[in-house]
Amino acid sequence: MDGKIETTIFEKSQNLYLYIPPHSSHPRGVLTGLVFGQVLRFRRLCTHRHDANAKFKQFIQRLMARGHKKDDLLPIFERAEINATKYLRRSEAESKQMAKNKWKQSRKQVFFHLQYHPEDPQTREIQKLWRNLVSDPPGETPLCNLTNGSQERVGISN
């Protein structure tokens, strides 16, 4: 219109919208991540706000058709809208700095992978052992505070 490109979301007619039902054993954060991602996607790709709002309504209806309750969904959508607004208002420099900080933080993480066995200890037991023996042993210098002779930190971050 008027020499400008306008965009919206295309959805295939054969899409069944089989979103995760509320009784699934997925962590609650999966639903939150789905909503946050879709809200941001709608805001970024729809030229007109009324178009994005219509997509929100459809999305809520589809989640409700899968068994989710509107009262549970609305607070997630409200937080997602705030998050999308903040994200879209960031300058390119802010976005690059945040990505750099996130990358740096990810380099400080330790992942401990074990092949599953039914007789293995529970995750919380492994985490407790890690805290008590490695990351923050009682009466010892925590691993994150270890330094070399020049006071440069050599430990890992919690």
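For the structure, check the block above.
Residues numbered from 1 in each chain as written. Predicted model: local features only at pLDDT ≥ 70, side-chain atom pairs only at ≥ 80, totals over all residues. Heavy atoms only, no water.

Participant: Let's hear about the nonpolar core: which residues, and what values?
Facilitator: With 19 residues, the main nonpolar core has V35, V39, F59, L63 and F77 as its most contacted residues. Counting only elements with at least two residues in this core, the list comes to α1 (28-45), α2 (49-65) and α3 (70-89). (Core = buried A, V, L, I, M, F, W, Y, C linked by side-chain atoms within 4.5 Å. Buried < 20%, exposed > 50% of the residue type's maximum accessible area, 1.4 Å probe, protein only. Helix = DSSP H or I, 4+ residues; strand = E, 2+ residues; numbered from the N terminus.)

Participant: Can you explain the pattern of salt bridges? Please cite residues and give values.
Facilitator: For the structure shown, the criterion picks out five salt bridges. Residue K55 pairs with E11 through a salt bridge whose shortest N-O separation is 3.3 Å. Within this pair, whereas K55 is found in helix α2, its partner E11 is found in the segment before α1, the two being separated by 44 residues in sequence. With a shortest N-O distance of 3.0 Å, R49 and E81 are connected by a salt bridge. Placement of R49 in helix α2 and of E81 in helix α3 is noted, with a sequence separation of 32 residues between them. Taken together, the salt bridges that share partners define one network made up of E11, K55 and R62. (Salt bridge = Lys/Arg side-chain N within 4 Å of Asp/Glu carboxyl O.)

Participant: Quick one: what's the story with the packing of α2 against α3, residue by residue and with numbers?
Facilitator: Direction vectors running N to C along α2 and α3 enclose 145 degrees, while the axes themselves pass 11 Å from each other. Taken as a pair, α2 and α3 cross one another with a handedness that is right-handed. Counting all contacts with α2, which are made through R49, F56, F59, I60, L63 and M64, the residues of α3 involved are K70, L73, L74, F77 and E81. Residues of the contact of α2 with α3, tallied by class, amount to eight nonpolar, no polar and three charged. (Axes fitted to C-alpha atoms, helices over the stretch in contact; angles between N-to-C directions. Left-handed = near helix turned anticlockwise from the far one by under 90°. Contact = heavy atoms within 4.5 Å. Nonpolar A, V, L, I, M, F, W, Y, C, P; charged D, E, K, R; others polar.)

Participant: Quick one: what's the story with the packing of α1 against α3, residue by residue and with numbers?
Facilitator: A pair of packed helices can be characterised by two numbers: the angle between their axes and the separation between those axes. At a closest axis distance of 8 Å, the pairing of α1 and α3 adopts a crossing angle of 50 degrees. Taken together, α1 and α3 sit at an angle that is classed as oblique. Both α1 and α3 take part in a crossing whose hand is right-handed. In this structure, α1 uses R28, L31, T32, V35, F36, V39, L40, R43 and R44 to contact α3, whose residues at the interface are D72, L73, I76, F77, R79, A80, E81, N83, A84, Y87 and L88. Split by residue class, the contact of α1 with α3 holds 12 nonpolar, two polar and six charged. (Parallel < 35°, antiparallel > 145°, perpendicular 65-115°, else oblique.)

Geometric descriptors of this kind do not, in isolation, establish any biological role.
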